[in-house]
Amino acid sequence: MSTVPTVPGLSGAARRRTRAIAGSGKVAVVCLIVIAVALLVAIIGSAVAPHDPNASNLNNSFVGPSAGHLLGFDSQGRDLFSRLLVGARTSILGPAAVVVLALIAGVLCAIVAAWRGGWVDSAISVVMDILFAFPGILLAVLAAAVFGPGLTAAALALAVAYTPYIARVLRSAAVRERAREYIAAGEVQGLSAWAICSRHLVPNVAPLIVSQGTLLFGYAMVDLAAISFIGLGVQPPQADWGVMVATGQPGVLQGYPAESLSAGLCIVAVVVAVNLLGERLSQRNEEQR
Amino acid sequence: MPDVVLEARGLRKEYGELVAVDDVDLEVREGGSLAIVGESGSGKTTIAKMIVGLTAPTAGSIVACGRDRSAPSRSARERRRRGSEVQIVFQDPYSSLDPRQTAEQALDEVLRLHRGGRQGGRAARELLDLVGLDERQGRALPRALSGGQRQRIAIARALAAQPRVVILDESVAALDVSIQAQILNLLADIREETGVSYVLISHDLAVVRQITDEAIVMHRGRVVERGSTAQILDAPQDEYTQLLRASVPRPGWKPERRRRPEDQGAPA
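Observations regarding the overall build of chain B
- Looking only at helices and strands, chain B has ten helices and ten strands in total.
- For 268 residues, the compact-globule estimate of 2.2 N^0.38 gives 18 Å, and chain B sits close to it at 20 Å.
- Across its three principal axes, chain B shows a C-alpha extent of roughly 75 × 40 × 40 Å.
- Taken across its 268 residues, chain B has 43% of its residues classed as buried.
- Residue pairs at least 24 apart in sequence account for 68% of intrachain contacts in chain B once pairs closer than 6 positions are excluded.

With respect to the environment of Val160(A)
Residues and elements named next belong to chain A.
- Its place among the elements puts Val160 in helix 6 (residues 151-178).
- The exposure class of Val160 is partly exposed, given the 19 C-beta atoms found within 10 Å.
- Counting along the chain gives 20 residues from Val160 to Ala140, while the straight-line C-alpha distance between them is 9.6 Å.
- For Val160, the contacting residues outside a window of four places in its chain are Leu131 and Leu139.

Focus on the sheet that holds strand 8 (residues 197-202) of chain B
Residue and element names in this part refer to chain B.
- One open sheet accounts for six strands, arranged 6-7-8-3-9-10; its pairing is mixed. Taken across any chain shown, the strands that pair with only one partner, and hence form the sheet edges, are strand 6 (86-89) and strand 10 (222-228). Here the average twist between neighbouring strands, direction ignored, is 20°.
- Where strand 3 (residues 33-38) meets strand 8, five bridges bridge the pair, whose relative direction is parallel. Across the sheet, the residue bridging to Val37 is Ser202, located in strand 8.

Focus: the interface of chain A and chain B
- On the chain B side, the residues contacting the 14 residues of chain A number 22 residues.
- Listing elements by their share of the side of chain A that touches chain B, those giving two or more residues are helix 7 (181-189) and helix 8 (193-229) of chain A.
- When residues in the side of chain A that touches chain B are grouped by element, the largest group, seven residues, is from helix 7 of chain A.

A look at the pairing of strand 4 (residues 59-64) of chain B
All names here are of chain B.
- By the bridge criterion, five bridges tie strand 1 (residues 4-15) to strand 4 in an arrangement that is antiparallel. Looking across to strand 4, one finds that Arg9 is bridged to Ser61.
- Note: strand 4 against strand 5 (residues 67-68), two bridges, orientation antiparallel. The residue bridging Val63 from the neighbouring strand is Asp68, located in strand 5.
- Turn length for the strand 4-strand 5 hairpin, with the two strands adjacent in sequence and antiparallel, is two residues, and the turn residue Cys65 shows positive phi of about 50°.

Remarks on the nonpolar core
- The biggest cluster of nonpolar side chains holds 151 residues, and the ones touching the most others in it are Ala154(A), Leu158(A), Tyr162(A), Leu170(A), Ala220(A) and Ile167(B).
- The leading source of residues in this core is helix 3 (residues 80-116) of chain A, at 17 residues.
- Residue contacts for Leu158(A): discarding those within four places in its chain leaves Val98(A), Gly136(A), Ala140(A), Ala220(A), Asp223(A) and Leu224(A).

Brief notes about the packing of helix 3 of chain A against helix 4 (residues 118-132) of chain A
Residues and elements named next belong to chain A.
- Where helix 3 meets helix 4, the closest approach of the two axes is 7 Å, and the angle between their N-to-C directions is 150°. In terms of crossing hand, the pair formed by helix 3 and helix 4 is left-handed. For the pair formed by helix 3 and helix 4, the contact residues are Cys109, Val112, Ala113 and Arg116 on the first element and Gly118, Val120, Asp121, Ile124 and Met128 on the second.
- Grouping the amino acids of the contact of helix 3 with helix 4 by side-chain chemistry returns six nonpolar, one polar and two charged.

Some details on helix 2 (residues 25-48) of chain A
Residue and element names in this part refer to chain A.
- For helix 2, built from 24 residues, the straight-helix expectation of 34 Å at 1.5 Å per residue is met to within 8% by its first-to-last C-alpha distance of 32 Å.
- The axis of helix 2 is deflected most strongly, by about 50°, at Ala42.
- By the burial criterion, the buried members of helix 2 are Ala28, Cys31, Ala38, Val41, Ala42 and Gly45.

Notes on unusual backbone geometry
- Omega for the bond connecting Pro236(A) with Pro237(A) falls within 30 degrees of zero, at 10°, which places this linkage in the cis form.
- With respect to the element layout, Pro237(A) can be found in the loop between helix 8 and helix 9 (241-247).
- Look at Phe62(A): it is not a glycine, yet its phi comes out positive at around 60°.
- Summarising the element assignment, Phe62(A) is placed in the loop between helix 2 and helix 3.
- Overall, the presence of 17 C-beta atoms within 10 Å leaves Phe62(A) in the partly exposed class.
- Backbone geometry at Arg220(B) places phi at a positive 50°, although glycine is not the residue there.
- Following the sequence through the fold, Arg220(B) ends up in the loop between strand 9 (214-219) and strand 10.
- Accessibility expressed as a C-beta count within 10 Å gives 15 for Arg220(B), which makes it partly exposed.

Points about the confidence of the model for chain B
- Mean pLDDT over chain B works out to 89, with 93% of the residues at or above the 70 mark.
- Confidence metrics for the complex model read pTM 0.80 and ipTM 0.87.

Some words on the sheet that holds strand 2 (residues 18-29) of chain B
Residues and elements named next belong to chain B.
- Read across the open sheet, the four strands follow the order 2-1-4-5; overall the sheet is antiparallel. One side of each edge strand has no neighbouring strand; the edge strands of this open sheet are strand 2 and strand 5.
- Along the sheet face, helix 1 (residues 44-52) touches strand 1, strand 2 and strand 4 and points at about 120° away from the line of strand 1.

Here we look at the pairing of strand 1 of chain B
All names here are of chain B.
- Two elements, strand 1 and strand 2, share eight bridges in a ladder whose sense is antiparallel. The partner of Lys13 across the bridge, within strand 2, is Val21.
- The turn joining strand 1 and strand 2, which pair antiparallel and follow one another in sequence, is formed by two residues; a positive phi near 65° is taken by Gly16.

Examining helix 7 (residues 177-194) of chain B
Residue and element names in this part refer to chain B.
- Its 18 residues place the ends of helix 7 25 Å apart at the C-alpha level, agreeing with the 26 Å of an ideal helix rising 1.5 Å per residue.
- For helix 7, the set of buried residues is Gln180, Ile183 and Leu187. Considered in projection along helix 7, the buried side chains sweep an arc of 70° and stay on one side of the axis. Exposed side of helix 7, more than 90 degrees from the buried face: Ser178, Glu192 and Glu193 are the residues found there.
- Buried residues belonging to helix 7 abut helix 6 (147-160), strand 8 and helix 8 (205-211).
- A positive phi of about 75° marks Gly195, the residue just after helix 7.

Rules used throughout
- Residues numbered from 1 in each chain as written.
- Chains lettered and ligands numbered in written order.
- Predicted model: local features only at pLDDT ≥ 70, side-chain atom pairs only at ≥ 80, totals over all residues.
- Helix = DSSP H or I, 4+ residues; strand = E, 2+ residues; numbered from the N terminus.
- Rg over C-alpha atoms; globule rule 2.2 N^0.38 Å.
- Buried ≥ 20, exposed ≤ 12 C-beta atoms within 10 Å, placed from the backbone.
- Contact = placed C-beta atoms within 7 Å.
- Pairing = 2+ DSSP bridges.
- Axes fitted to C-alpha atoms, helices over the stretch in contact; angles between N-to-C directions.
- Core = buried A, V, L, I, M, F, W, Y, C linked by C-beta atoms within 7 Å.
- Left-handed = near helix turned anticlockwise from the far one by under 90°.
- Nonpolar A, V, L, I, M, F, W, Y, C, P; charged D, E, K, R; others polar.
- Expected span 1.5 Å × (residues − 1).
- Bend = angle between axes of the 7 residues up to and from the residue.
- pLDDT = per-residue confidence, 0-100.
- Arc of directions from axis to C-beta.

Right, here's the structure in full:
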């Protein structure tokens with residue numbers, strides 16, 4: 001764990017451009033609004049959906065928007081707007097679960113490695129380096145093969161795959177904090193390792209934990225959508241934005257792209273908003289140090 | 001003669017091939033004050049870390065308040081007990097306080113650990129008062145305070161555990177001269193009021209003279225001279241101590257500039 005990596009996926013130039021955009025206060029406000037709306041829809045989407053998202057009527061196949069059906073119907077005659085609203089739950093809460101699990105495991109590994117140092121640090125580094133060798137999607141495919149397709153297996157696999165990214169970045173910050181004298185003062189006072197880590201070490205790296213979590217949320221959303229797209233995540237007919245992008249493919253070929261396009265745009269909007277907000281939080285964290 | 005509150009015998013610390021501290025003996029009496037003097041890298045801070053338990057000695061023994069502390073503590077109770085015997089104030093006031101904790105919170109945490117929180121905010125206010133800080137400063141985060149004020153909080157936090165010995169590891173070195181004087185006066189007052197003993201680690205001989213009675217001089221991990229502070233500073237016996245003494249700038253002092261070998265044959 002000698003180098004500090006960044007979250008995968010962005011080149012240096014792209015990252016600099018993203019940071020410049022994210023630095024704007026107005027952009028941050030827009031991002032917060034997009035995320036708040038997405039969260040609200042994820043929570044109350046099922047309750048406010050105007051139609052049953054799984055009720056199909058082949059007579060309505062690929063029928064366009066009308067007064068009672070804002071986005072029209074998909075290939076099986078299901079109301080697209082209702083499916084978008086209901087699909088928000090798995091599309092938002094799935095990545096959230098991935099990020100929470102990866103953060104718990106990553107923070108634990110980073111703090112133990114930084115606190116104990118020596119062979120414990122080396123052993124955790126080796127395990128993280130091994131995990132780095134496995135792409136998240138590959139782990140999700142393996143999990144689906146072992147446990148069967150579904151959101152739970154995919155989310156667990158992605159959480160395992162993302163843990164080293166969190167652990168590596170946080171470990172560097174935790175080692176820096178560990179070397180500061182207020183930590184040594186706590187040890188001399190007689191505070192337990194748990195008390196020092198939970199009251200001092202973790203709170204002082206918390207801004208980094210939050211910014212890493214938001215950055216990873218975007219990647220988790222895209223990866224889970226991709227897993228659903230290849231049929232190993234959320235299973236049809238359950239509504240999910242990734243599933244909708246996949247099942248809308250025949251419509252795209254026939255000139256009815258509404259299903260793939262609407263779900264794809266929702267994914268892009270939330271991912272961009274979360275990533276820009278994550279960059280904003282990273283910037284603030286760096287400025288405050 | 002007052003009781004010995006801190007005693008180290010045959011202290012040695014090795015880092016691989018490097019011997020940082022070799023065969024060091026020291027003794028601090030109740031209410032006494034010992035200076036450990038020497039240049040950077042002479043092993044002063046390593047001794048402090050061994051005494052407070054931040055690093056384990058390779059050999060030798062450390063006894064504080066009659067109890068051995070050479071080996072790492074094994075229980076929470078032992079850790080707390082050691083904390084109430086010897087405390088340390090570090091050099092850098094900017095990194096020795098948790099940036100997210102106010103002075104009151106820092107003191108409260110120590111008070112709850114060592115006194116069970118029975119005295120609550122009153123004890124914290126008394127400590128702040130002892131080190132000359134008001135309530136507003138007590139509620140401020142470290143970043144809103146000056147270096148001198150932060151060091152006062154660090155001193156108060158060390159005293160909150162009611163230790164018998166406080167180690168001052170270059171504790172005024174990062175402060176400007178006027179603040180140094182204030183902190184040294186404060187330390188002298190606290191010693192008079194509480195009877196606490198000091199181990200002052202410093203390379204600054206003027207600071208050493210102000211608050212210590214005894215001194216040891218260290219060079220390359222070994223003690224080269226020991227005695228009363230006045231005797232060591234006024235009539236140093238060892239050659240290294242004499243060099244250390246002579247290197248202190250004074251009025252009319254002109255440091256002798258050594259010529260580099262490549263300048264020897266160069267035209268003027």
